[in-house]
Amino acid sequence: MKLSKCTQNPVLSPNPNNYWENLVVCNPGVWYENGTFYMLYRAAGDDEDHLIRVGLATSTDGINFKRESDEPVFGPSSNGPDMGGVEDPRIIKFGNEYYVTYAYRPYPPGRYWTFPHDVINLPETGPDAPAVYKHNIANSGLAVTNDFKSFRRLGRITTSNLDDRDVILFPEKINGKYAMLHRPKQWIGAEYGCDYPAIWIRYSDDLMVWEEKSTLLLSGRNGTWEEKIGGSTPPLRTDDGWLLIYHGVENGGNGYYRVGVALLDLEDPTKVTARLEDWIMEPEHDYEIEGFYKGCVFPTGNMIVDNILYVYYGAADKYVGLATCNMNDLLKTLKDSQNENSK
C-alpha cells in the first residue's frame with residue numbers, strides 16, 4: 001500500500017517576491033470545509049537567522065493553491081517566548097473555533113542545514129538562564145482562530161525544558177477528555193521503554209493544562225526505516241478506528257524521512273489495533289530529495305474528502321507536496337495486516 005503523489009507536485013513552492021517565503025515553504029496544516037482547502041504553511045526567507053513564519057493559501061480542488069496575503073498571517077512575537085520562530089502548524093476544530101498547535105523557539109535557529117546534525121544557533125546568556133533559553137529548546141504552543149487570518153496565542157502546552165514537538169490534538173474529546181500526541185525528544189532509554197524519540201499520548205480536562213501521565217503509544221523499530229518516529233497529522237476518525245499518519249526516520253534520526261500508518265482504538269486510543277510494517281510514502285522525486293533536508297517527506301495535514309485521503313507534506317524542507325489514496329483500500333490493508341498479525 002503506497003500513497004499516490006500528485007503529478008502537479010509541488011503544490012506550493014517558495015515565492016521569490018516575498019522576503020519571508022523566498023527560500024522555504026513546507027510542513028502545512030490543512031483544513032477542508034465548505035468546498036475550500038485552507039493551508040497554513042511554514043515559510044522562511046533567505047535571512048541568516050532563518051526566522052520561520054506561517055502563511056495562508058486556499059484552494060477549491062486541493063491542488064491549485066492561491067496565497068491569501070503577501071504577508072504572513074502568523075509569526076513570531078516581537079518580544080516573547082516564541083520570538084525565535086513559529087513552525088509546523090496542525091489544525092483541529094472545536095465548535096466554531098480552529099485550534100492550531102505549533103512549535104516555536106525563543107531564539108532564531110539559523111541556517112541549520114549548514115550546521116552539523118541537530119545543531120542550531122544559541123543566544124548569549126548568563127549562567128542562571130533557564131534551559132529553554134540557554135539551549136534554545138523547541139516548545140509547542142496553542143493558538144486559536146476563527147478565520148485563519150488572525151490568531152490569539154494561548155501559550156505553551158509542553159514542559160519548557162523538553163524538546164517536545166509533533167504535538168497534535170485529537171479532533172474530539174475521548175471519554176470526556178481532550179487527547180494529545182507528543183514527542184518529547186529526551187524521553188529515551190530503559191526507563192521510558194524506547195531507544196529513540198517516540199510517540200506518546202496524554203489526556204486532559206483543559207486544552208492548556210497537560211499534567212496527566214503520558215503513555216508510550218508507538219516506538220520505533222531498531223534497524224528499520226523507522227528507528228525514530230513522531231506524529232505527523234491530526235488523527236482522523238473512521239469506523240475502524242483513529243487513522244494515525246506518522247513519520248519515521250532511519251539511522252537513529254539521521255537519514256531519510258518516510259511515512260507510516262496505524263489504527264488506534266476509537267474508545268481507547270492508547271491501544272494500537274493495526275500498524276503497517278512498511279512505509280506508505282518515501283522520498284523519491286527531486287523536490288523531495290534536493291532541498292534543505294535531503295530525503296524528507298513530512299506530513300502535517302490530512303483530511304478525508306469523498307472517501308479520498310488527502311495528505312499534505314513538507315518535501316525536503318523546501319516545498320509542499322500532496323499525496324492521496326482511497327480510504328477503503330487503506331483501511332482494508334490495515335485490517336488485513338491486523339488479521340495477519342493475529343494469526
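Scroll up for the structure.
Fair warning: this is a prediction, and the values are worked out from it, not measured in the lab.

Here is what the cut-offs are and how they apply
Residues numbered from 1 in each chain as written. Predicted model: local features only at pLDDT ≥ 70, side-chain atom pairs only at ≥ 80, totals over all residues. Heavy atoms only, no water. Helix = DSSP H or I, 4+ residues; strand = E, 2+ residues; numbered from the N terminus. Rg over C-alpha atoms; globule rule 2.2 N^0.38 Å. Buried < 20%, exposed > 50% of the residue type's maximum accessible area, 1.4 Å probe, protein only. Areas by Shrake-Rupley, 256 points an atom, 1.4 Å probe, with all protein chains shown as cover. Lys, Arg positive; Asp, Glu negative; His and termini not counted. Charge placed at Lys NZ, Arg CZ, Asp CG, Glu CD. Pairing = 2+ DSSP bridges. Axes fitted to C-alpha atoms, helices over the stretch in contact; angles between N-to-C directions. Core = buried A, V, L, I, M, F, W, Y, C linked by side-chain atoms within 4.5 Å. Disulfide = S-S within 2.5 Å. Polar contact = N/O pair within 3.5 Å; in protein donor to acceptor, adjacent residues only side chain to side chain. Contact = heavy atoms within 4.5 Å.

Engineer: Please explain the overall build of the chain as it appears in this structure.
Structural biologist: Each helix and strand counted, the chain has three helices and 21 strands in total. Taken over C-alpha atoms, the radius of gyration comes to 19 Å for the chain, in line with the 20 Å a tight globule of 343 residues would show. Seen through its C-alpha atoms, the chain measures out along the principal axes to roughly 60 × 45 × 40 Å. Across the 343 residues of the chain, 57% fall into the buried class. When the accessible surface of the chain is summed, it comes to about 14400 Å², and 44% of that surface belongs to carbon and sulfur atoms. Seen as two clouds, the 33 positive and the 48 negative side-chain charges of the chain have centres 1 Å apart.

Engineer: Please clarify how the sheet that holds strand S6 (residues 86-94) should be interpreted in this entry.
Structural biologist: Reading across the sheet, the four strands line up as S6-S7-S8-S9 and stay open at both edges, with antiparallel pairing between neighbours. Across the chains shown, the open sheet's two edge strands, defined by having one partner strand only, are S6 and strand S9 (151-156). Strand after strand, the sheet turns through a mean of 25 degrees between neighbouring axes, direction not considered. As defined by bridge partners, strand S7 (residues 97-104) adjoins strand S8 (residues 139-145) across seven bridges and the pair is classed as antiparallel.

Engineer: How should the pairing of strand S19 (residues 297-305) be read in this particular structure?
Structural biologist: On a regular strand, one side chain projects to one face of the sheet and the next to the other, so that they alternate. Among the nine residues that make up S19, eight are buried, leaving the element largely enclosed by the rest of the structure. With eight bridges connecting them, S19 and strand S20 (residues 308-315) associate as antiparallel partners. Counted as the bridge partner of methionine 303 is tyrosine 310 from S20. As consecutive antiparallel partners, S19 and S20 are separated by two residues, and within that stretch aspartate 306 has a phi angle of approximately 55 degrees, a positive value.

Engineer: So what exactly am I meant to see when it comes to the nonpolar core here?
Structural biologist: A general tendency of soluble globular proteins is for nonpolar side chains to be buried together. Counting residues in each nonpolar core, the largest one holds 24 residues, and the members touching the most others are Leu243, Val261, Leu309 and Leu334. Those elements giving two or more residues to this core turn out to be strand S16 (241-249), strand S17 (257-264), S20, strand S21 (319-326) and helix H3 (327-341). Formed by 19 residues, the second largest nonpolar core is a distinct cluster that contains Ala179, Ile201, Leu264 and Leu266.

Engineer: What am I meant to see in the sheet that holds strand S5 (residues 66-67) here?
Structural biologist: The strands making up a sheet associate through backbone hydrogen bonding, with each pair oriented either parallel or antiparallel. A sheet is described by the order of its strands in space; here four strands give the open sequence S2-S3-S4-S5, paired in antiparallel fashion. Both outer strands of the open sheet, strand S2 (24-33) and S5, are each paired with one neighbouring strand and no more. Bridge analysis of S2 against strand S3 (residues 36-44) gives eight bridges, and the strand direction is antiparallel. Following the sheet pairing, tyrosine 32 is matched in S3 by phenylalanine 37.

Engineer: Help me understand the state of the cysteines in this model?
Structural biologist: Each disulfide is one covalent bond, formed between the sulfur atoms of two cysteines. Taken as a whole, this structure holds zero disulfides when the rule is applied. In this structure cysteine 26 is not part of a disulfide, and its nearest cysteine sulfur, from cysteine 296, lies 8.1 Å away.

Engineer: When you look at the side chain of threonine 233 in this model, what are you seeing that I'm missing?
Structural biologist: By the element assignment, threonine 233 lies in the loop between strand S14 (228-231) and strand S15 (236-238). Separated by 2.5 Å, the side chains of threonine 233 and asparagine 302 make a polar contact. Not counting residues within four places of it along the chain, the set of residues in contact with threonine 233 comprises Ile168, Leu244, Ile245, Pro299, Thr300, Gly301 and Asn302.

Engineer: Hey, could you run me through the environment of asparagine 302 in this one?
Structural biologist: Following the sequence through the fold, asparagine 302 ends up in strand S19. Among the residues examined, asparagine 302 registers a relative accessible area of 5% and is labelled buried. Along the primary structure asparagine 302 and tyrosine 313 are separated by 11 residues, whereas in three dimensions their C-alpha atoms are 8.9 Å apart. The residues touching asparagine 302, leaving out its near neighbours within four places in the chain, are Val30, Thr233, Pro234, Leu236, Ile245, Leu309, Tyr310 and Val311.

Engineer: Sorry if this is basic, but what is going on with unusual backbone geometry here?
Structural biologist: Outside of glycine, negative phi angles account for most residues, and trans bonds account for most peptide bonds. In this structure, the amide linkage connecting asparagine 9 to the following residue, proline 10, adopts the cis form with an omega of -10 degrees. The residue proline 10 is located in the loop between strand S1 (4-5) and S2 in this model. Positive phi, close to 50 degrees, is recorded for asparagine 136, a residue that is not glycine. The topology assignment puts asparagine 136 in the loop between helix H1 (131-134) and S8.

Engineer: In this structure, what is going on with the environment of aspartate 147? I would like to understand it.
Structural biologist: Structurally, the position occupied by aspartate 147 is in the loop between S8 and S9. Its relative accessible area of 35% is what places aspartate 147 among the partly exposed residues. In the structure, aspartate 147 is positioned 77 residues away from aspartate 70 in sequence and 17 Å away in space, judged by C-alpha atoms. In terms of polar contacts, aspartate 147 uses its side chain to reach the backbone amide nitrogen of serine 150, at 3.0 Å.

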